[in-house]
Amino acid sequence: NAVDIPEGDTIPEASKVSQERIVIDLIWGDPRLTNGYGPSYRKSRGIFMFGPDVTDKFCDDNGLKFCIRSHEVKEDGWKQDHPRLYTVFSAPNYMDVGGNKGAFLTVANEGGSL
């Protein structure tokens, strides 16, 4: 099933997406609370945001229970951005001005299932 794109948001055809664009989205894309995929508030940098429906589709298509990302500062060092998406940021007081906590994550296989 395709992910619904809110009116005004566009996704280029897969065959027309450069390897560079894919890498940029994988590394720098940020979660948003609403469904779909569209420009970030950092539009001028070409960054896009994705909703919980995109996270669910990614997890379902790749046989994942959840996804963990790490490039975005979070006040408490981590946050559950979507039901199946977690952000963990390990650098406390980022750039000496953030005032944020740092965090780390331990994933354990208990009872044969994560």
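Look above for the structure.
Residues numbered from 1 in each chain as written. Predicted model: local features only at pLDDT ≥ 70, side-chain atom pairs only at ≥ 80, totals over all residues. Heavy atoms only, no water.

*Asks:* Tell me about the overall build of the protein chain, residues and numbers included.
*Replies:* Scanning the protein chain for helices and strands turns up two helices and six strands. When each of the 114 residues of the protein chain is scored for burial, the buried share is 26%. Sequence separation of at least 24 residues holds for 37% of the intrachain contacts in the protein chain that already meet a minimum separation of 6. (Helix = DSSP H or I, 4+ residues; strand = E, 2+ residues; numbered from the N terminus. Buried < 20%, exposed > 50% of the residue type's maximum accessible area, 1.4 Å probe, protein only. Contact = heavy atoms within 4.5 Å.)

*Asks:* Give me the lowdown on the side chain of R84, citing residues and values where you can.
*Replies:* With respect to the helices and strands, R84 occurs in the loop between β5 (78-82) and β6 (85-88). For R84, a relative accessible area of 18% puts it in the buried group. A distance of 2.7 Å separates polar atoms of two side chains, one belonging to R84 and the other to D60. Residues contacting R84, with those up to four places away along its chain left out, are T55, D56, C59, D60, L64, K65, F66 and C67. (Polar contact = N/O pair within 3.5 Å; in protein donor to acceptor, adjacent residues only side chain to side chain.)

*Asks:* So what's going on with the pattern of salt bridges? Which residues, and what values?
*Replies:* Counted under the stated rule, the structure contains seven salt bridges. Measuring nitrogen to oxygen at the nearest pair gives 2.9 Å for the salt bridge that ties R69 to E72. In terms of burial, R69 and E72 fall into one category: buried. What emerges from the salt-bridge pattern is a single network uniting D30, R69, E72, K74 and D81. (Salt bridge = Lys/Arg side-chain N within 4 Å of Asp/Glu carboxyl O.)

*Asks:* Which residues make up the sheet that holds β6, and what values do they have?
*Replies:* Ordered in space as β4-β6-β5, the three strands form an open sheet in which the pairing is mixed. The open sheet is flanked by β4 (67-69) and β5, the only strands paired with a single partner. Across the sheet, the mean angle separating the axes of adjacent strands is 25 degrees when strand polarity is ignored. As paired elements, β5 and β6 share four bridges and run antiparallel to each other. Across the sheet, W78 pairs through a bridge with V88, a residue of β6. (Pairing = 2+ DSSP bridges. Axes fitted to C-alpha atoms, helices over the stretch in contact; angles between N-to-C directions.)

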